Amino acid sequence: MDGITWEEPFCGEGASCFRLGTDATGNAYVAIAGAEDAALTDSREALRRMILDIKAGKADHLL
């Protein structure tokens, strides 16, 4: 996937690392580090909303 600016990986315990990326056309990407060619894609607004919801505790039940 060309044209994506990837952030440094966010890693938990072990080898579970995720990467977030964006492109110039307003898309956002979430991928497992090392598998960026199979990223999930949505809008930057969708990524923004997901991050805000996670910060607000809406995914705490998954922990």
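Our subject in this report is the structure included herewith. (Residues numbered from 1 in each chain as written. Predicted model: local features only at pLDDT ≥ 70, side-chain atom pairs only at ≥ 80, totals over all residues. Heavy atoms only, no water.)

Among the secondary structure elements, Ala59 is positioned in the segment after helix H1 (44-55). The class of Ala59 is partly exposed, set by a relative accessible area of 22%. Setting aside its immediate chain neighbours within four residues, Ala59 contacts Asp53 and Ile54. (Helix = DSSP H or I, 4+ residues; strand = E, 2+ residues; numbered from the N terminus. Buried < 20%, exposed > 50% of the residue type's maximum accessible area, 1.4 Å probe, protein only. Contact = heavy atoms within 4.5 Å.)

Take H1 next. Look at H1: 16 Å from first C-alpha to last across 12 residues, which is about the 16 Å you get at 1.5 Å a residue. Following H1 by one or two positions, Gly57 adopts a phi angle in the positive range, close to 95 degrees. (Expected span 1.5 Å × (residues − 1).)

All told, the structure shown has 4 salt bridges when counted by the stated rule. Salt-bridge contacts for Arg19 lead to Glu36; the nearest nitrogen and oxygen are separated by 3.1 Å. Separated by 17 residues along the polypeptide, Arg19 in strand S3 (residues 17-23) and Glu36 in the loop between strand S4 (27-32) and strand S5 (40-43) bring together distant segments of the chain. Judged on exposure class, the residue Arg19 and its partner Glu36 are both buried. Among the ionic pairs, Lys58 bridges to Asp53, the shortest N-O distance being 3.5 Å. Relative accessible area serves as the criterion here: at 57%, Lys58 is assigned to the exposed category. Taken together, the shared-partner salt bridges in this structure form one network comprising Arg49, Asp53 and Lys58. (Salt bridge = Lys/Arg side-chain N within 4 Å of Asp/Glu carboxyl O.)

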